[in-house]
Every structure is written in structure tokens, then in C-alpha cells.
Amino acid sequence: MQESQRLGEILRVLSKYGLTVLKNKLQKQVVLTDSQVLQLFTDLGPTFIKFGQFLSTRPDLVDERFITVLRNLQDNVPAVSFTVCKKFIEETFAVNYFANFKEIDPRPIASASIAQVYFGILKSGEKVVLKIKRPDIEETIKTDLEVIKKYLLPQLRALGFISHFDLTKIFNLFEIKLKEELDFLNELQNLKIFHRALKNYEDLIIPKAFKELSGRNVLVMEYVDGNLLKNFLEQKVYYPTLGEKLIHNFCRLLFWERIFHADPHPGNIIFTKNKKLCFLDLGAVGFVDPSTVEILAELFIYLCEKNLNGVINLIFRLGQYRGEIDEFTFYQEMYKLLELVSEVGKGEVLAGKLILDIIKISIKYGINLPVNLVYIGKAALTLESTAISLGTRFNFFEIAKKYGEEALIKTTLNTLAPSDIALNLYRHLEIKGKLPLLFFSILKKFDEGTFQVIFRHAGLEIFIKALDRTSMRITFGLIISSLLIASGLIVAADGRLLQTLGTATYILSILAAGYLIYLIFKSGKWH
């Protein structure tokens, strides 16, 4: 479809909801209700649905009222026939691709805007699911993205729920994430990373991927039999230990493996027949570096202690500032927020919501925090809500603190290990190429008993000379004093010779003392 044709379609949809473009500005004649906002994004098509879903993950960008609305955007669209999908895969993958399957049910298990999911059985007898990209979706999204960037992006603020942030930057981030989602090789890579991370986990699994049968447009995974947590919530199933498993596994993955599922809603989690949790849809995952893990651990410790200064210092360490900060009112708002920490675990106040509120207050005062913290807060909030609906009672901060402290201890112990000390030294020295030879030389001298450590004071020469000069003057003064005392005693003694000698010595002592006083005054250091 041409850009002009697509723009015309979008403008017609906007006009249905009282939105028109006049002089390149989006004019809003009416205030849209929640349901109208929801229907507007749905009518505009898959790209806008995805954009709405993306905005719903960013409470730091969108007004809270609309977050709830946009979360209800459904990605369900009418299915494309399996014949069309089959032809698309054969054209892009291999003509004999489907010869690998014994059977494929042509009725989709799920149909979303980007892909459709089918149940199949391999020649080997293994049950699988095939996630097949919709044949026309990539071209549709490409056109939509260009139209939005060229004609509509500056006008979106007229909808009234996007904050003062740079819309171009927000949209660019959305575009990157959407293109990643369109390439199923990214999800395949995420599956491999999670498989490695979960090899020692007994109660948490993810589907095995079939790499040789997967590509940009199709992803084949093992079929996991079980019940979606979404069904548990709809049937109001009471299962507290299941909710506890959810929270503990999230914290273990976050602090120990440094990964997390960024969209763990109940429709993306299966409880298997052998009582294991299985995460689905790993297109949206998050990765955290070791330094961020340490900061998160500190954050949860400070929150548990209601340590206001600790939390604010972390925010200043993490954040990027826009202009001057009104520190007094910032402290006041953060203080009020931290008073709610005591209510976490009682069912009313959720830890994930508090994390997101910390981010929102920080942004209000011109402090931008890392996006990953937003995704972690949102994931925590989603899992908390699910666990509470299952009847679990817990304090998320206390659980996170426990795993965070263990991660900090592990990190500290690792840095004390000899191998890690040597590795860190190696990384920080510029003489990396000479280091093995240097170590060998040192060890050899130790072995031969010829190792020597030579200390040399740099920059102390002037001080030492001054000290020598002072000590000499003190010594000279003591000698003069001794001579004065001695000559006085001699003059007082009987005998002409002794009195003459004493008088001569006394005169010499007076002259020497005078000379010493002259030197002291000359140096300028008499005071």
C-alpha cells in the first residue's frame, strides 16, 4: 500500500472520533472516553495496537489513567488461512519445509497481529507449535511507521495522555523493539539464553526451540501441555504456593542470572501437569549488567529499611538530570512515598507500583532513570497482581532483598578469589601483553631468594635538605650553649690562665651565636 493511501485511511479513522488535522495540527473536538481510546487504537490497525501496548509498558511516559486503558488492547485479529501461511514459509524458507512434519492442524491456536500459532507433530513424533509470521505484516508495519514519522508523530500529543518527553525518541525506541519482534531469530536467541540460565532450575522451564526448523518468519518450539495462569485467574483458583513460586523465580532470575521476562502476564505462563512453571513468548526479555544488579540489591535493602537517604543517593547515582532540582520538595515527596513501604505485603500497596512511582516522581523533578528499571517495575507489578489473585500473601521487597543480598555476597566473594583478582588486575593494566612474563619474572626471583623491594621517596628531597639544615642548626646551637656555660664556669675558677681561656671561649661562643642568629634571619624562617 502507498503511503498516501494509508495516510488517507488513518485520517478517516481519526475523523470518526472527532480528530481532524488542520494546518498540520491534530485538532480534538471532543474528549475521548476510555473505551473510545481503546477502539481508536484498534481501528487504526496492528502498528497502532503495538504502539499502544508499548506505551502501556511505560508508566514513566503515559498518564496513569490511560496505562490501564492501553493494557486492555487486544492483539487478536482475524486469522489468515493456513494455505496462505504455508505458501509464505515455503517461499521464504524452503519448498520441502513442511516435509519435516507428520501433521499440522490448520486451525490456529492463536491469531495475533504479527503471527499465528499452530499445533503440529514432527516426523519423530514430538509435539510442537509453529509460530508463523503473517505474510503481509512486515510491509504493513513498514508503511505505517513511515506515515507516523512523516505526518502524525508531532500530532499525537493532542490525544492528551503522553507526557512532555521527546516523542521522536520514544517512537524510535518503539520502532527498534517492533522490528526486533518481527524477526523471530531474536526470540530464538532469547530461548537459548534462558535455556542455559534455567539448566539448574527444577520448577521453571521454557519450551525447547528447534533451531533447524526456525528462521526470521517461523519459530518452532516444543508443545508444553498445561494450564495457562490466565485460566486460573478467570476461574478464581486459590493456589498460594503457585504465586510464591512466581515471585521467588522472578527474583532468582533477576539477581542470580541477570535476566527477566519483561511481559510475564498470566497468558504467557503455563502451569504444567508436573507442577512446573513455563514462560512463553520470550520476544520481550530484559538483561541487566552486574553493576545494575548491585544497585537493585541496594535499592531493595534501602526500601526495606525505609532508608530515604539511601534511596535518593541511588537515584542520583543512576539518573540523568534535566536542569536544576528542587531538592526540598523532591525529598518531601519521596519521604511520603517511602511511608507506604510498611503497607507492602498487606494486599493494598504493591511493590512494583512503588518502584514505578519512584520513577515517576524522579522524572517529575527532572531525573531520568534507566528504562530497564521501568520494565523491572512493570514485570514485578504484573507478577505481584497475579500472585495476590492466587491467594499468596508476601512482601515482595523482603523476598527481593533476600536474593539481592545473596547476589551481593556472591559478587564480593568472587572479587576476593585469586583468579578474579588476577583477572581484574589484568584488565586494568595497560601492559597486558607483558603481564605473563612479568609474573614469571617475579615468581622466579621469589624462588631464587633474590626478590627485593626498593622504596624510593619521590618529591621529598627538598624536605630532607630542610630537615638536615634545621638539625645542623639545632646541633650548632647546643654546642654554643655548652661552650657558653663551660666558659662561664672557667672564668669563675681560680687561676689567670683558666680565666684567660674562659674569656676567649666566651667571646667565641658569643660570635658563633651571633652568626647562627644571622643565618636564621637570612633564611626568613625565624617565625
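Residues numbered from 1 in each chain as written. Predicted model: local features only at pLDDT ≥ 70, side-chain atom pairs only at ≥ 80, totals over all residues. Heavy atoms only, no water.

**Focus: the overall build of the protein chain**
Summing up its helical and strand segments, the protein chain has 20 helices and 15 strands in all. For the protein chain, buried positions account for 41% of its 527 residues. Excluding contacts between residues fewer than 6 apart, the proportion of contacts in the protein chain whose partners are at least 24 apart in sequence is 68%. With the model as given, the accessible surface of the protein chain reaches about 29600 Å², and the carbon-plus-sulfur share is 58%. (Helix = DSSP H or I, 4+ residues; strand = E, 2+ residues; numbered from the N terminus. Buried < 20%, exposed > 50% of the residue type's maximum accessible area, 1.4 Å probe, protein only. Contact = heavy atoms within 4.5 Å. Areas by Shrake-Rupley, 256 points an atom, 1.4 Å probe, with all protein chains shown as cover.)

**Focus: the environment of leucine 277**
Mapped onto the secondary structure, leucine 277 falls in strand 12 (residues 277–279). When its relative accessible area of 1% is taken as the criterion, leucine 277 is described as buried. Among residues more than four places away in sequence, those in contact with leucine 277 are Asp203, Leu204, Ile205, Leu242, Lys245, Leu246, Asn249, Ile269, Ile270 and Phe271.

**Thoughts on the packing of aromatic side chains**
Per the counting criterion, the structure on display carries 22 aromatic pairs. Ring centres of phenylalanine 82 and phenylalanine 98 lie 6.0 Å apart, and the angle between their planes is 80°; this geometry places the pair in the edge-to-face category. Note that phenylalanine 82 is positioned in helix 5 (residues 82–92) and phenylalanine 98 in the loop between helix 5 and strand 3 (101–104), a separation of 16 residues in sequence. A single burial state applies to phenylalanine 82 and to phenylalanine 98, both of which are buried. Aromatic side chains phenylalanine 98 and phenylalanine 101 sit 6.1 Å apart centroid to centroid with 40° between the ring planes, which places their arrangement in the tilted category. On the basis of relative accessible area, phenylalanine 98 is assigned to the buried category, the value being 10%. Accessibility expressed as a relative area gives 6% for phenylalanine 101, which makes it buried. The aromatic ring of phenylalanine 98 is capped on one face by lysine 86, whose charged end is 5.7 Å from the ring centroid. (Phe/Tyr/Trp six-rings, centres within 6.5 Å; stacked < 30°, edge-to-face > 60°. Lys NZ or Arg CZ within 6 Å of the ring centre and 35° of its normal.)

**Let's talk about the sheet that holds strand 11 (residues 269–272)**
Spatially, 7-12-11-9 is the arrangement adopted by the 4 strands of the open sheet, whose pairing is mixed. Taken across any chain shown, the strands that pair with only one partner, and hence form the sheet edges, are strand 7 (204–205) and strand 9 (226–228). Strand direction decides the pairing type here: strand 9 and strand 11, joined by 3 bridges, are antiparallel. Considered in strand 11, the bridge of asparagine 227 is made with phenylalanine 271. Most of the contacts of helix 10 (residues 240–257) go to strand 12, to which it runs at about 50°, and overall it touches strand 7, strand 11 and strand 12. (Pairing = 2+ DSSP bridges. Axes fitted to C-alpha atoms, helices over the stretch in contact; angles between N-to-C directions.)

**Considerations on a nonpolar patch on the surface**
On the surface, Ile507, Leu508 and Leu511 cluster together into a nonpolar patch covering about 320 Å² of accessible area. Judged by relative accessible area, which is 47%, isoleucine 507 ranks as partly exposed. (Patch = residues over 30% accessible without salt bridge, like charges linked within 9 Å, V, L, I, M, F, W, Y side chains within 5 Å. Salt bridge = Lys/Arg side-chain N within 4 Å of Asp/Glu carboxyl O.)

**Some thoughts on helix 1 (residues 3–16)**
For an α-helix, the turn length of 3.6 residues means that residues three or four places apart are oriented alike. With 14 residues, helix 1 should cover 20 Å at 1.5 Å per step; its first-to-last C-alpha distance of 20 Å lies within 8% of that length. Buried residues of helix 1: Arg6, Leu7, Gly8, Ile10, Val13 and Leu14, and no others. Following helix 1 by one or two positions, glycine 18 adopts a phi angle in the positive range, close to 75°. (Expected span 1.5 Å × (residues − 1).)

**Examining a positive patch on the surface**
Where like charges cluster on the molecular surface, the positive patch consists of Lys192, Arg196, Lys199 and Lys211. Given a relative accessible area of 56%, lysine 211 falls into the exposed group. (Lys, Arg positive; Asp, Glu negative; His and termini not counted. Charge placed at Lys NZ, Arg CZ, Asp CG, Glu CD.)

**Topic: unusual backbone geometry**
The backbone of lysine 236 sits at a positive phi, close to 55°, despite the residue not being glycine. Relative to the assigned elements, lysine 236 resides in the loop between helix 9 (229–234) and helix 10. Unlike most non-glycine residues, arginine 258 shows phi in positive territory, near 65°. Looking at the element boundaries, arginine 258 is found in the loop between helix 10 and strand 10 (259–261). You can call arginine 258 partly exposed: its relative accessible area is 36%.

**A closer look at the environment of leucine 308**
For leucine 308, the position within the fold is in helix 12 (residues 308–318). The contacts of leucine 308, once residues within four sequence positions are left out, are Tyr331, Met334, Tyr335 and Leu338.

**Details of helix 10**
Helix length check: helix 10 (18 residues) gives 25 Å between terminal C-alpha atoms against 26 Å at 1.5 Å per residue, within 8%. Just beyond helix 10, the residue with positive phi is arginine 258, at close to 65°.

**Thoughts on the nonpolar core**
Grouped together as the largest cluster of nonpolar side chains are 118 residues, with contacts concentrated most on Phe250, Phe255, Phe260, Leu303, Met334, Phe396 and Phe397. By residue number, the principal contributor to this core is helix 15 (residues 371–389), which donates 9 residues. Residues within four places of phenylalanine 250 in sequence aside, it is in contact with Phe260, Ile376, Ala379, Ala380, Leu383 and Phe396. Core analysis: the next-biggest nonpolar cluster, separate from the first, contains 17 residues, Phe88, Leu130, Ile132 and Leu213 among them. (Core = buried A, V, L, I, M, F, W, Y, C linked by side-chain atoms within 4.5 Å.)

**Here we look at the pairing of strand 5 (residues 115–122)**
In terms of burial, strand 5 is a largely internal element, 6 of the 8 residues being buried. Note: strand 3 against strand 5, 3 bridges, orientation antiparallel. Paired with isoleucine 104 across the two strands is glycine 120, which belongs to strand 5. Sheet analysis places strand 4 (residues 110–111) next to strand 5, joined by 2 bridges and oriented antiparallel. The partner of serine 111 across the bridge, within strand 5, is glutamine 116. Hairpin connection between strand 4 and strand 5: a loop of 3 residues separates the two successive antiparallel strands. Relative to strand 6 (residues 127–133), strand 5 is paired through 7 bridges, and the arrangement is antiparallel.

**Quick notes on the confidence of the model for the protein chain**
A residue-level look at the protein chain finds 76% of positions with pLDDT of 70 or above and a mean pLDDT of 81. The element-level mean pLDDT for the protein chain is lowest in helix 18 (residues 435–448), coming to 51, with strand 8 (residues 218–222) highest at 96. A low-confidence stretch, residues 426–438 (pLDDT under 50), is modelled with 5 contacts involving residues beyond four sequence positions or located in other chains. (pLDDT = per-residue confidence, 0-100.)

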